[in-house]
Each structure stands twice: as structure tokens, then as C-alpha cells.
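In case you want the letters, here they are:
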Amino acid sequence: MQVEQSTLQRLSNKEVGWTMSDQEEAAVYDMRLGMEKSYLFGVARQMWDATKKEYVYFTGGIWSQAGKEFYLEATTPLDEERMVELMRRAFTGNTGSKRKILIGGSGLISKISKLDYSRVITAGQHVSKWGIDFTELRSKFGCLYVLLSEVFDEVGMENDGIVIDPEYIQKYTHIPFSTEQLNLKKSGVRNVDALVMTEASCLVLRYPKAHMRITSR
């Protein structure tokens, strides 16, 4: 991600105190959102950049890495019986942990929120893990930490989701997050202050059968 601010913009009088730091914050948010989309739904590819004479690499997302899949009808409300089957599918047939994370679009989260809970499945209190607030669902099979992800909505998958076992997910960082000042004025490219933020990383599901896609039609 590259952020630029022209010299004239920096020197001009502005009613709103919009600075380079504000632009950096907005750029980092946009960069992280793009990375989240790639982590979830990216396709592993390499492309030759004829200008720079080098390969550009694209990360593969964890959506395609999950070893199991569970189908939910998009137009049918979610009932307790179907939710029990979802949790049975998520927690059995593997040696994964009994606490997993369910990340889903607004449609799926809405269905889960409308469930009438009973002694079989109970909705627990909000749980904070890794600096994130989850809603906990408990069953005899295990516990799900539920979280809304608007990335699913942005890619047209608001009724879909993914169950992730946090014990078997690994982030590999090839180039750590860093910033670098570019002197575009001295090189005569543009009369701007420029800052480049870089990170090259990927997510890997180390035990695919411990993770499950939730799909709809």
C-alpha cells in the first residue's frame, strides 16, 4: 500500500485537520481489509510483471483449504435440529479441539441469532479471545465462538460461513509489516511525500478436516 500527500496539499490552509497520519490510518484499514479477503478467498497464483521483470505472487485463501463442508438452504430458516447437525459435523470426524470459531456473513449470523435455544444448544455470554468479542454457542459436541464478517457480504456470500479450529491455523509471514519513505521529489517523479507499507504473508490450515465450510444456494 502506497500513501501520498502532495506538497501543495500539505502547505495549503484546510478547515479540516486531515494529515498524512490520517491517510496512513485509512490506508492501513483498507490494506487489512484486502488482506482479509485474500486470506479467506484468495487463489494461489503467480504472475509475471513485465515492467519490473519479476513474479508477483498471490496467496491462496483458507476457504478452499477446509476439508469439510455443510450445506444450509439460503431461503429456509435455521432450526435447532439443523443447528445440531451443523455442530455435530463441525466437531466430529477429526481430532480437533472442542472450541472452534464460526465466521459468517450477515445472513448466516441473522439465522443463528433467530434460533430458539434450549437445553440442547445454549447461547452463552459474550467471550473475548485474542482481542475479539465473540458470542458463544454451547452444545454437547463443543463450543462455537460466533463472529460476523462483512467480508462475506462484500463478496456476495452473506449466507455462507466457515468454522475454523484455532489450534490448527498458522500464519506464515514472508515479509514482516514495515514502512518505507520514498523520495519521489528528488527522483523527479512527483512532488509528493510518499510512504509505502508492505507485508507478505499467508494463512494455512494445518489439519483440513478440523475446519468446515458452511455453504448455501
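Here the structure is a predicted model, which is why all the values come from computation and not from measurement. (Residues numbered from 1 in each chain as written. Predicted model: local features only at pLDDT ≥ 70, side-chain atom pairs only at ≥ 80, totals over all residues. Heavy atoms only, no water.)

**Student:** Break down the overall build of the protein chain for me, citing the residues and quoting the values.
**Tutor:** Counting its secondary structure elements, the protein chain contains 5 helices and 12 strands. Within the span of the protein chain, comprising 217 residues, buried residues form 36% of the whole. The contacts in the protein chain between residues at least 6 apart in sequence include a share of 68% that link residues at least 24 apart. (Helix = DSSP H or I, 4+ residues; strand = E, 2+ residues; numbered from the N terminus. Buried < 20%, exposed > 50% of the residue type's maximum accessible area, 1.4 Å probe, protein only. Contact = heavy atoms within 4.5 Å.)

**Student:** Quick rundown of the nonpolar core? Include the residues and the values.
**Tutor:** Leu40, Ile62, Ile103, Phe152 and Ile162 are the most contacted members of the largest nonpolar core, which totals 20 residues. Elements with a minimum of two residues in this core: helix 2 (20-41), strand 5 (99-104), helix 5 (150-154), strand 9 (161-164) and strand 11 (192-205). Residue contributions to this core peak at 4 residues, all from helix 2. Those residues within four positions of leucine 40 in sequence are excluded, and the remaining contacts are Gly61, Ile62, Trp63, Ser149, Val151, Phe152 and Ile162. Core analysis: the next-biggest nonpolar cluster, separate from the first, contains 19 residues, Leu78, Ala90, Ile109 and Ile112 among them. (Core = buried A, V, L, I, M, F, W, Y, C linked by side-chain atoms within 4.5 Å.)

**Student:** With reference to specific residues and values, describe the environment of arginine 32.
**Tutor:** Mapped onto the elements, arginine 32 comes out in helix 2. Ignoring anything within four residues of it in the chain, the contact list for arginine 32 reads Phe177 and Glu199.

**Student:** Lay out helix 3 (residues 80-91) in plain terms, naming residues and giving numbers.
**Tutor:** Under the 1.5 Å per step criterion, the end-to-end length of helix 3 is 16 Å for 12 residues, consistent within 8% with the ideal 16 Å. Inspection of helix 3 places Met83, Leu86, Met87, Ala90 and Phe91 among the buried residues, and these make up the whole buried set. Taken end-on, helix 3 shows its buried residues confined to a sector of 115 degrees, consistent with a single buried face. Close packing links the buried residues of helix 3 with strand 4 (68-71), strand 5, strand 7 (132-138), strand 8 (143-148), strand 9 and strand 12 (212-215). (Expected span 1.5 Å × (residues − 1). Arc of directions from axis to C-beta.)

**Student:** Please set out the side chain of histidine 211 residue by residue, giving values where relevant.
**Tutor:** Checked against the element boundaries, histidine 211 lands in the loop between strand 11 and strand 12. Assessed through its relative accessible area of 0%, histidine 211 is described here as buried. In contact with histidine 211, not counting residues within four places along its chain, are Ala66, Gly67, Lys68, Val163, Ile164, Asp165, Tyr168 and Leu205.

**Student:** How would you explain the pairing of strand 9 if you had to name every residue and give the values?
**Tutor:** The side-chain alternation of strand 9 yields two buried faces, one formed by Gly161 and Val163 and the other by Ile162 and Ile164. Judged from the 4 bridges that link them, strand 5 and strand 9 form a sheet pairing that is antiparallel. Paired with isoleucine 101 across the two strands is isoleucine 164, which belongs to strand 9. Here strand 9 runs beside strand 12; their pairing, made up of 3 bridges, is antiparallel. Along strand 12, the bridge assignment pairs isoleucine 162 with arginine 213. (Pairing = 2+ DSSP bridges.)

Coordinates in, geometry out; function isn't part of it.
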